[in-house]
Amino acid sequence: MVGTKTVQFDHPVLKGKIKVPGDKSISHRAIMLGSIAQGRTAVKGFLDGEDCLRTIDIFKQLGVSIERSGTDVLIDSPGIYNWKNPTNDLYAGNSGTTARLMLGILSGSAVTCRLTGDESLSKRPMKRVTVPLQSMGASISNGEGGEYLPLSIAGGAIKGIDYNMPVASAQVKSAILFAGLNAEGITVVKEKAVSRDHTERMFKQFGAKIEQEGNTVSITGGQLLKGTNVIVPGDISSAAFFMVAAAMVEGSSVDFVDVGLNPTRTGIIEVLRQMGAQVEVIDQKGEAGEPYGTIRISHAPLKGMEISGTIIPTLIDELPIIALLATQAEGTTVIKDAAELRVKETDRIAAVTNELTKLGAQIEATEDGMIIKGPTPLSGGNLESYGDHRLGMMAAIAALISESSIQIDDASCIAISYPNFFDHLTKLVTAGNEE
Ligand code: S3P
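So, how was this worked out
- Residue positions are counted from 1 within each chain, in the order its sequence is given.
- In keeping with the predicted nature of the model, local features appear solely for residues at pLDDT of at least 70, side-chain atom pairs appear and are counted solely at 80 or more, and the whole-chain, interface and lining totals rest on all residues.
- For the side-chain quantities, the full set of heavy atoms in the structure was used; hydrogens and water were omitted.
- UniProt positions are given in the numbering used here, feature names are shortened, and annotations may be inferred rather than shown by experiment.
- A fitted line through C-alpha atoms serves as each axis, taken over the contacting stretch for helices, and the angle formed by two N-to-C directions is quoted from 0 to 180°.
- Only DSSP runs of H or I reaching four residues or more are called helices, and only runs of E reaching two or more are called strands; each is numbered from the N terminus.
- Small angles under 35 degrees read as roughly parallel and large ones over 145 as roughly antiparallel, with 65 to 115 read as roughly perpendicular and the rest as oblique.
- Two helices that cross are described as forming a left-handed crossing if the nearer one is turned anticlockwise from the farther one by less than a right angle, and a right-handed crossing if clockwise.
- Two residues form a contact once any of their heavy atoms are found within 4.5 Å.
- For this classification, Asp, Glu, Lys and Arg are treated as charged, while Ala, Val, Leu, Ile, Met, Phe, Trp, Tyr, Cys and Pro are nonpolar and the rest, including Gly, are polar.
- Here a cavity denotes grid points, spaced 1 Å and computed from the protein atoms alone, that fit a 1.4 Å probe unable to get out, and a pocket denotes an open set having protein on both sides within 12 Å along at least 5 of 7 lines; residues with an atom within 4 Å of a point are the lining.
- Polar contacts, as counted here, are pairs of nitrogen or oxygen atoms within 3.5 Å of one another; within protein the pair requires one atom able to donate a hydrogen and one able to accept it, and residues that are adjacent in sequence qualify only if both atoms are side-chain atoms.
- Using a 1.4 Å probe on the protein chains alone, a residue whose accessible area is under 20% of its type maximum counts as buried, one over 50% counts as exposed, and one in between counts as partly exposed.
- Start and end points for every domain follow an automatic or database-based domain assignment.
- Buried area is calculated as the accessible area (1.4 Å probe) missing from two parts once they are joined, with the contributions of both summed.
- When a carboxyl oxygen of Asp or Glu lies within 4 Å of a side-chain nitrogen of Lys or Arg, that pair is called a salt bridge.
- Here the rule is simple: two strands pair whenever DSSP picks up at least two bridges between them.

- Per an unreviewed UniProt entry, the recorded name for the protein is 3-phosphoshikimate 1-carboxyvinyltransferase, and the organism is Sporosarcina luteola.
- In its Subunit (unreviewed entry) section, UniProt records this for the protein: "Monomer."
- The UniProt entry for the protein carries the following text under Sequence similarities (unreviewed entry): "Belongs to the EPSP synthase family."

Right, here's the structure in full:
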């Protein structure tokens, strides 16, 4: 439901511990691999956010039995080669991960279908996956060169590829690896900087052989996967909003329990450390192929820094909230090499700069990032979410330090990745007030 949400706090402090919802990237992949594999897959800790629910709906239409009870999901699949043709379009909603990874998966299946998305997703570039997939022999078209959804796919025989990726993108890498799993011969993907490797780790959990060496991943086609059990750790990209809150708000200290600590995702922790926040790793475990643990983040005086190069893919989704953090840090923060932000759910460079400027931040957009000077006090006011969950959450966290309330035009989009976000926000602030 679209409606304005007012967020206001009176001298808040954040305390206590939270277990953030399951990782969005890993939840998608658990449903995808559980559906490709033959047999039963049990998923625990699944993110019941809008994006991941779209992935479940798609596989149900392909004839996979998927039963969900909260964050537990049971998948019983006949295996990729026994899927049926759907009677309706496959709708990916707002989810870029669903759309791009499905293009790779469907290319090597025996399914004929059409993939669609919402208004935002229908404007996001798809050529980055359709071009390599077409050169593997995939039949994907929309009559306009395959740049945007809707796209029609006729799954069939495809062959391996040796591909140098022009952008570091886990979605592109994963789409090609999924296609490679069902292609003839070997598929090799090379990245400029290592992006999140959840696909590679989960392939191994499902019994596939996949090789990773530096920035290169290779897989041999024709491997059959068997159903297995998957435990999804908490999403560090969701935790990032409260990590930044704890770092910015004086007197705060929050423990993040069972949060994913895959090194291809922990750039935010490195940035918090370098900017001066107190970061303690309380414990670290590694179950089912993905490391996770408990991290404590506490407030301390913050300083600006440069964020660029190979760290960017490891914190790409955290850059909106890092920009807010930078408004409270002494000195200049320069974010560069992040042009990918322009093709996310919205143009996040333009959107973050517009919204933080409204609050009085000193922030300038560049072609591939932002320059932020701090510290600056932030006023309250009306902010737009652009229908982008991460912009909506950034606006809500800004209210913790703003001089007056913040009104978010549409906060419902937050349910895309963090359905109980406001409950957790209230819980942490209430615990802080009670101390
Ligand atoms: C994702 C990869 C990232 C990220 C997105 C999820 C994934 O996109 O922004 O939220 O699950 O593979 P890119 O790999 O395109 O940068």
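That was the structure; now back to the text.
### A few points about the packing of helix α9 (residues 319–326) against helix α10 (residues 348–358)
Link 1 in the chain: Across the interface, α9 lies against α10 with an axial gap of 10 Å and an inter-helix angle of 30°. In terms of axis orientation, α9 runs roughly parallel to α10. Crossing of α9 against α10: the hand is right-handed. Between α9 and α10, the residues in contact are P320, A323 and L324 and R348, V352 and L356, respectively.
Link 2 in the chain: For the contact of α9 with α10, the per-class residue count stands at 5 nonpolar, no polar and 1 charged.

### Description of the UniProt feature "binding site: 3-phosphoshikimate" (unreviewed entry) in the protein
Link 1 in the chain: The residues that UniProt annotates with the feature "binding site: 3-phosphoshikimate" (unreviewed entry) are K24, S25, R29, S169, Q171, D317 and K344. Of the residues named above, K24, S25, R29, S169, Q171, D317 and K344 line the largest pocket.
Link 2 in the chain: Note on placement: R29 falls in helix α1 (residues 24–36).
Link 3 in the chain: Beyond its immediate sequence surroundings of up to four residues, R29 is in contact with G34, T97, L101, A170, S174, H198, T199 and M202.
Link 4 in the chain: A distance of 3.2 Å separates polar atoms of two side chains, one belonging to R29 and the other to S174.
Link 5 in the chain: Along the polypeptide, Q171 turns up in helix α5 (residues 170–181).
Link 6 in the chain: For Q171, a relative accessible area of 15% corresponds to the buried category.
Link 7 in the chain: When sequence neighbours within four positions are dropped, the list of residues in contact with Q171 reads G96, T97, R100, L101 and V129.

### So, the domain arrangement of the protein
Link 1 in the chain: Assigned domains within the protein: domain 1 (5–22 + 233–434) and domain 2 (24–231).
Link 2 in the chain: Measuring from the centre of the C-alpha atoms in domain 1 to the corresponding centre in domain 2 gives 29 Å.
Link 3 in the chain: Counting residues at the interface gives 28 residues for domain 1, matched by 26 residues for domain 2.
Link 4 in the chain: Here domain 1 packs against domain 2, burying approximately 2300 Å² in sum over the two surfaces, 50% of which is carbon and sulfur.
Link 5 in the chain: The interface formed by domain 1 and domain 2 includes 3 salt bridges.
Link 6 in the chain: When the shortest N-O distance is used, the salt bridge between R196 and D317 registers 3.3 Å.

### What to know about helix α4 (residues 127–135)
Link 1 in the chain: For α4, the complete set of buried residues consists of R128, V129, T130, P132 and L133.
Link 2 in the chain: Taken from the residues just after α4, G137 is the one with a positive phi, measuring 105°.

### Some points on the UniProt feature "binding site: phosphoenolpyruvate" (unreviewed entry) in the protein
Link 1 in the chain: Mapped onto this numbering, the UniProt entry gives "binding site: phosphoenolpyruvate" (unreviewed entry) at K24, G96, R124, Q171, R348 and R390. As for the annotated residues, the ones lining the largest pocket are K24, G96, R124, Q171, R348 and R390.
Link 2 in the chain: Here K24 is to be found in helix α1.
Link 3 in the chain: Each residue touching K24, except ones within four places of it in the same chain, is listed here: L47, D51, C52, T97, D235, H389, R390, I416 and S417.
Link 4 in the chain: Position of R348 relative to the elements: it lies in helix α10.
Link 5 in the chain: For R348, the contacting residues outside a window of four places in its chain are D317, P320, L341, R342, D388, H389, R390 and L391.

### Describing the sheet that holds strand β23 (residues 406–408)
Link 1 in the chain: Reading across from one edge, β1-β23-β22 is the order of the 3 strands in this open sheet, with mixed pairing throughout. Lying at the two open borders of the sheet, with one neighbouring strand each, are β1 (5–7) and β22 (381–383). Within the sheet, the average angular offset between the axes of one strand and its neighbour, ignoring direction, is 25°.
Link 2 in the chain: By the bridge criterion, 3 bridges tie β22 to β23 in an arrangement that is parallel. Its bridge partner lying in β23, L383 is registered against I408.
Link 3 in the chain: The sheet strands contacting helix α11 (residues 389–398) are β1, β22 and β23, and the helix crosses β23 at an angle near 165°.

### What to know about the side chain of S25
Link 1 in the chain: Position of S25 relative to the elements: it lies in helix α1.
Link 2 in the chain: S25 sits in the buried class, given a relative accessible area of 7%.
Link 3 in the chain: Side chain to side chain, S25 and R196 meet in a polar contact 2.9 Å long.
Link 4 in the chain: The residues touching S25, leaving out its near neighbours within four places in the chain, are R196, H198 and R265.

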